[in-house]
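# Structural overview for review
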Amino acid sequence: MKNSEAHGQKIRAAVLREKGGPLKIESLELEGPRDDEVLVRIVATGICRTDIDFCDDWDGTAKPVVLGHEGAGVVVQVGKRVKSVDRGDHVILSYQSCGRCRQCLSGHPWACRHFYEANFGFKRLDGSNALQRSGVHGHFFGQSSFATHSVATERNIIRVPQDLHLEILSPLGCGIQTGAGTVMNSLAVSEGASIAIFGTGAVGLAAVMAARIVGASPIIGVDFNPTRLELALELGATHIINNSQDDIASRISEITGSGVDYVLEITGNPRMLQLAIDVLNPQGTVALLTGTSGSDSLPEDRKTISVIQGDAVPQRFIPKLIALYQAGLFPFDRLVKFYDFSEINQAIADAKRGDTIKPVLLLSEE
Ligand SMILES: [Zn+2]
Ligand SMILES: [Zn+2]
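Below you will find a few notes about this structure. Predicted model only: the values in this text are computed from it and were never measured.

Our next topic: helix α6 (residues 202-214). Taking 1.5 Å per residue, 13 residues should reach 18 Å; α6 reaches 19 Å between its end C-alpha atoms and fits that length. Across the 13 residues that make up α6, a large majority, 10, are buried. Glycine 215 lies just past α6 and shows a positive phi near 85°.

Right under this line is the structure:
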């Protein structure tokens, strides 16, 4: 059934109205879907570091918003120009892109010229907002999935097999894609290359699993949290370094006899960035997953690159990750802890403390 009526519908969503939260679950009115949009009933949504950073930094008093960008759910309505999904399809949601700029048209949507507006603008690219009538701003990453329903577009929707649990699949849309994509796409790490991963949260552990799949060796996980380091070992790290106990540079030198070919810097700590450069082999690359700009003016052909969403085209990369998961090679479900939607603030607190690696919120059917 195709339907493009733009009547509103009642939803429940977690709204940020104060800097630092808490998020409050409220009843709102969502317009759409428009002709090029898809209305998705959200079944589950991951919580990502970017959601948490926005909670802490965003002034919700000035502009209340709905966050959430790892939604998974069922299509309930499609606009009349939508071709790739239909009502009843199971989908996960990923980052948004404009679809019209040179980068999008050449198959590089992660480098979209309008990436910031499309993902962090809290409106559609034409300036409208589907939550306008409630005085709240949506469209975060083209979804605002901390809600019972989202409007997305074909550009950030990925159809997934119906025999898999949507609850498990939701984190693929951002964090897991970013970690695995950095190893497999951005760096194209080859067999036998040495790699260190600074920060073994959800993104870092996805990178560890991807590094094992491509045959990197050694794979060195660095963190201060012993539970996360233990999990890194189970998921493919050949060595771990506890940042609060050991000197990272001297341990890497002991393990490799020199430095490493690649470092993923996920911590955002300036001291760790300098250390990542210091332990790099000639011609090596540091991938920055922190929003920091890269530089290729380092000695002996070393460079740092800034990575967004693991250089992944979600409609191609996420099915690949799902196939690896089904083959038992990419057990990202080990990172997930489930919470009821009403426990969203608890889930955020647990993630901040490092007690939960990847919180996933479950939304009951309305
Ligand atoms: Zn674009
Ligand atoms: Zn994210």
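To continue, consider the coordination of the zinc ion (ligand 1). Here the zinc ion (ligand 1) is held by the protein donor atoms Cys98 (SG), Cys101 (SG), Cys104 (SG) and Cys112 (SG), which lie 2.3 to 2.4 Å from it. One can describe the site at the zinc ion (ligand 1) as tetrahedral: its four donor atoms subtend angles covering 104 to 119° at the metal. Each donor residue of the zinc ion (ligand 1) belongs to the same chain, with the gaps between them written as C-x2-C-x2-C-x7-C. Here cysteine 101 is found in the loop between β6 (90-93) and α2 (102-105), whereas its partner cysteine 112 is found in the loop between α2 and α3 (115-120), with 11 residues between them in sequence. Cysteine 101 gets classed as buried once you look at its relative accessible area, which sits at 8%. A relative accessible area of 6% means that cysteine 112 is categorised as buried.

Membership of the largest hydrophobic core comes to 54 residues, with the highest contact counts inside it found for Leu67, Phe146 and Ile344. Broken down by element, the residue count for this core peaks at five residues, all from strand β1 (residues 9-16). Counting residues in each nonpolar core, the second largest holds 50 residues, with Val43, Val160, Val183 and Val307 among its members.

A separate point is the environment of glutamine 309. Topologically, glutamine 309 is positioned in the loop between β14 (303-306) and α10 (314-326). For glutamine 309 and proline 171, which are 138 residues apart along the polypeptide, the C-alpha to C-alpha distance reads 13 Å. If sequence neighbours within four positions are ignored, glutamine 309 has contacts with Ser94, Tyr95, Trp110, Phe115, Phe141, Gly173, Cys174, Gln177 and Thr178.

Calculation rules
- Residues numbered from 1 in each chain as written.
- Chains lettered and ligands numbered in written order.
- Predicted model: local features only at pLDDT ≥ 70, side-chain atom pairs only at ≥ 80, totals over all residues.
- Heavy atoms only, no water.
- Helix = DSSP H or I, 4+ residues; strand = E, 2+ residues; numbered from the N terminus.
- Expected span 1.5 Å × (residues − 1).
- Buried < 20%, exposed > 50% of the residue type's maximum accessible area, 1.4 Å probe, protein only.
- Donors = N, O, S within 2.8 Å, 3.2 Å for Na, K, Ca; no water.
- Tetrahedral: all angles 85-135°; square planar, octahedral: opposite > 155°, others 65-115°.
- Core = buried A, V, L, I, M, F, W, Y, C linked by side-chain atoms within 4.5 Å.
- Contact = heavy atoms within 4.5 Å.

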